[in-house]
Structure formats: C-alpha cells, structure tokens
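What follows is each chain in one-letter form.
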Amino acid sequence: MRFLYRQPVEMQHCDYFDYWGRGTEVTVQSDTVSAPSLYPVVNCASTPGDDITVGCLALDFYPNKLTMEWTDASGATVKSEQYPPVAKNNKYTQISVAQLRKSDWDSRKSLKCSVNHDGNNKELQVQKRLPAKVTLTSMPSEDTQALVCTIEDSINGTNVFFNWKKNNIKVDNFIQTNFQNIGQLYSAVSVLKVKNTDWESKAVFTCEVTHRGQTHKKKISKASITVTLNPPSAKTIFTNNQAEYECVVTGEDKDIVSESVITWQINGEDVNKETKVADHPYSKTSTLTVTEWQQVSNVRCSATREDMTPVIQDLTVHKGDGTEPTVTVHTLPQEDIDRNSDVTLVCLVSSSVQQDYYIAWSGDSGRQTGNYADGITSPPQKTKNGYLVTSVYSVAKTKWEQQNYVITCNVWPAGSNMSMTSRDFPFQSILSIALSCTDSTGEDEFRSLWSTASSFIFLFIFTLFYNMIFSLVKMKRQ
C-alpha cells in the first residue's frame, strides 16, 4: 500500500506500507506520557476503482493506549481498519485507514479522525489538498501603481516569505500579512507600490513567495496589448442555434501579440474546450462556440503572457424578467425610398425592463426560411417607458419591389428558448411608418422622433418665408 503523509516540517514524502501486520509484539517501558502527533495519509499514486483510501497516522505516543474512529461531515461513523502499533525509540506509531468515493474526495469532502489516547482526545480533518495558488495583479493608487501578490493554500502555513524584484534587482519597500483563514482556504498578501514612471517604462516586477519549502514566482509589467470581446452574431444564432464569441488581441509589437495566451470563462468557470485561433501580424483572434448559449450570463476573455498583467474583458448578458417585448418595423417616408437605390428598415424592440436581444433580418421570396442577415443593432437604450433596442437593415430596392418578397425582423430574447418575429413586411404594404402592432412603446418613441423632425422642418420653412417677406417689404419702402 503506497501512501503520502506530511511530516511536522511540512514536507511531503511517499512511504510504502506494503504490510502493516501484527509482527512481534514489543513492550516499551517509559515513565513519561507522550501525546501523539496526527498526520493525514493519502494515496501517493492513482488507484483503480471508484474508492480512495485515506489514513490517519499517529506518531510518537506513549503509553500504548490509543483508539481511532472515523466520521463523515454529518457525524455518521465511517467503516475503518486500525492496524497494530509499531514501537520505535521507546514510542509507538499507529495508523488507521478508511475509504470514501473518489468523486467525494475530488469535491473536497472531508473525513474526521478522532483519536483517544490515555483518556485525552485529538481530532484530525482529512481532506484533499489543493495546490498553493499565487496571483499577481496591479491597480492604480493615486500617483502610484499598487502590485498585489496573493498566495492561497488549503493548509495553514506557519511561515510565508515574500520577496520582490524590479528587473531582477531586489527591492525592500513592500508590506505583507501573515496567513489569514478565509472559508476553507488560508491566504497571505504582499503589496508593493511603484511609481507611475517605473510602471510606464515597462519595468518587469517579480513576486517570489516561499511557502512549505517551495518557492513560487509571478512576474508582471504594464500590458502593451488591447483586448476586445465581441458579442455573438444574431445571424449565427438563428442559423445554427449556437453563439460564437470573438476575443481579439491587438498591439504594436507583433511578437507580444503572437505570444499572448487567450483564456475564457463562462459564468465564472474556466472553459477547457478547444477554441479556434487565428493569428495575424498585429492581431490574434480566439473564437469560442457555445451551444447552450441560453444559459450564459457572463463571458470573460483574458489575454496574458510572461511578465505581463492579464488584460481582461467581460460581457454581461441581461436576461430581463421574461416579459415579452414589443417588436415594430418602420421605413423611411416614400419620397426618401424613391430617391435611393436601397430601402432602409428600422426594427424597434421595446420592453419595460433591461433585456438583451439578438436581432437578425430575413428576406425571402415565396416565404422560404433560413436566410438570415445581421443588421446594425444598438445596445439597450433607456427611455421614458423602459428600454429600447434598435436594429437598422438595408435591402436593395430591386429586391424590395419583387412580387411576394417578404422581409422579417427576427428577435431572440437573451436566455429564452423561443424567438419571435415582427409582422411580415412585403413591398405591397409600403407605409411611411409601418408598424406590426399599435399603441406600443416603440410607436410612441418613433412618433416622438418624427414629431420633433416635423416641427424642425416647419420652423425652418416658416423662418425662410418670414425673411423673404421682410426683405420684400423693406425693398418697397426704399
């Protein structure tokens, strides 16, 4: 049986307990009572099956009066096996093992080992240990830049040492904290403040953290790239029922752009699936395809490379409260249509709450479906009665005037499993203002806009005539 246990110096070792048999009973004589030191024991290598064996190791105790019992988080007794003690240097060592499901172990469910020695009780929590995690971030602080180095570990450390370097030269003007318990983790922080001139000079700062016999290093410098996160195309959503998010990294140094690593998160969880990456001399694009896009609430795209602060872009999806929006379609006045080679349509989507919508246009003869196109869609705008989303689409007048050519504004509310459409818009129904329904918020918004424009035109014409009449009267008097 191969186990991993932790010694008092916090170092990890793999030992082999091939057989912990009864052996030869040895009696140790001593007048001094010595309480046991308890250490968790876990499998050093992966084992077949659905279960994993964990142990509780009691070291250097005397006298030989020790019992062990295992319980789970609910307090229920867990079946275990206690091996006979082994004597060494006038003290005893003993181990007890129990089993739990690998899935429970991986999800960090714990078992408690309760030890009674000579009437005294001690307890040990046995839980899967997460590797220490070190992060290094920057944030502006008045006329300086604050560099924050954080280490998190599932096991408390008695000592943690921070060291900072600027361009590999040691600096000492930093502060640090000891480990603090935060939930199931222990965390320590060190902060180094640097001048903005040093930060702007692209100097490389290194944080070294020594903990439990290991040294972790993180480097940081001012980013020299720009990250843009593009929302999904409505055309792709309607055509393939999936969303494609694009993360575009650009910069003036093509080597930095090429070496940048792009990572994704959806709803706070890391995305491990393969993404499509396209490299160009001064830009790099990663495309993430999501099939269950209705479940997405937040998308994060990060770009980083060695010695550089991660550059992060977030996209939040507003799903509203399920209220069905009002969809209306409008055209320009007939005289504007006659003057241009294209016909411009406007789709207004209005709702009482903030909501994101994916809007795609379709134009078909004979009501054929599946031919979608993107318009120019604005983000939700706050209005007097709620929120309004606008999508503008242009179609060639030759198509617009075809018999039975139908244009539809297709709207898919974010988070919904159902899309909705406007009233079909054929050429025969040309109106100065064409609406799919009446007395709507969208109609009010459009009428308000048209009323303002009409008033402006009237005042302009009135002023022009007034000036002409005034000039004629003045000339006659002369």
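The preceding data block contains the structure.
Thresholds applied
- Residues numbered from 1 in each chain as written.
- Predicted model: local features only at pLDDT ≥ 70, side-chain atom pairs only at ≥ 80, totals over all residues.
- Heavy atoms only, no water.
- Helix = DSSP H or I, 4+ residues; strand = E, 2+ residues; numbered from the N terminus.
- Buried < 20%, exposed > 50% of the residue type's maximum accessible area, 1.4 Å probe, protein only.
- Areas by Shrake-Rupley, 256 points an atom, 1.4 Å probe, with all protein chains shown as cover.
- Core = buried A, V, L, I, M, F, W, Y, C linked by side-chain atoms within 4.5 Å.
- Contact = heavy atoms within 4.5 Å.
- Pairing = 2+ DSSP bridges.
- Disulfide = S-S within 2.5 Å.
- Phe/Tyr/Trp six-rings, centres within 6.5 Å; stacked < 30°, edge-to-face > 60°.
- Lys NZ or Arg CZ within 6 Å of the ring centre and 35° of its normal.
- 1 Å grid on protein atoms, 1.4 Å probe; cavity = no way out; pocket = protein on both sides within 12 Å on 5 of 7 lines; lining within 4 Å.
- Points joined across faces, edges and corners; volume = space filled by probe spheres on them.
- Nonpolar A, V, L, I, M, F, W, Y, C, P; charged D, E, K, R; others polar.

Draft legend 1. Main features of the overall build of the chain. Tallying secondary structure elements over the chain gives seven helices and 38 strands in all. In the chain, which comprises 478 residues, the proportion classed as buried is 38%. When the accessible surface of the chain is totalled, it reaches about 27,800 Å², and 49% of it is carbon and sulfur.

Draft legend 2. Structural detail: the nonpolar core. Among the nonpolar cores identified, the biggest contains 31 residues, and Ile225, Val227, Tyr245, Trp264 and Tyr358 are the most heavily contacted of them. Residue contributions to this core peak at four residues, all from strand 22 (residues 243-251). Apart from the residues within four sequence positions on either side, Val227 is in contact with Cys247, Val248, Val249, Cys301, Ala303, Val311 and Gln313. By size, the runner-up hydrophobic cluster in this structure holds 21 residues, among which are Ile52, Tyr62, Met68 and Val126.

Draft legend 3. Structural context of the sheet that holds strand 24 (residues 269-270). Spatially, the four strands line up as an open sheet ordered 24-23-27-28, and their pairing is antiparallel. The sheet terminates laterally at strand 24 and strand 28 (311-316), the two strands that pair on one side only. Here strand 23 (residues 261-266) runs beside strand 27 (residues 298-304); their pairing, made up of six bridges, is antiparallel. Bridge pairing in strand 27 links Val261 to Thr304.

Draft legend 4. The state of the cysteines, seen in detail. The full count for this structure, using the stated rule, is four disulfides. Disulfide pairing is shown between Cys56 and Cys113; the S-S distance is 2.4 Å. Here the disulfide of Cys56 and Cys113 is left-handed, its torsion about the S-S bond being about -85 degrees. With Cys56 in strand 4 (residues 51-61) and Cys113 in strand 10 (residues 111-117), the pair connects residues that are 57 residues apart, well separated along the chain.

Draft legend 5. Inspection of the packing of aromatic side chains at higher detail. Scanning all chains against the criterion turns up eight aromatic pairs. Grouping aromatic residues by their ring pairs yields a cluster made of Phe238, Trp293, Tyr358, Tyr372 and Trp412. A cation over an aromatic ring shows up here: Lys382 above the ring of Tyr387, its NZ or CZ 5.3 Å from the ring centre.

Draft legend 6. Spotlight on the layout of surface pockets. Reported here for the largest pocket is a volume of approximately 790 Å³. Those elements that place two or more of their residues in the lining of the largest pocket are strand 12 (133-141), strand 20 (214-220), strand 23 and strand 27. Residues belonging to the lining of the largest pocket are distributed by class as follows: 10 nonpolar, seven polar and nine charged.

Draft legend 7. Main features of the pairing of strand 23. Side chains Ile262, Trp264 and Ile266 of strand 23 all project onto a buried face; the interleaved residues Val261, Thr263 and Gln265 project onto a face where none is buried. Bridge count for strand 23 against strand 24 is two bridges, and the pairing is antiparallel. The residue bridging Gln265 from the neighbouring strand is Asp270, located in strand 24.

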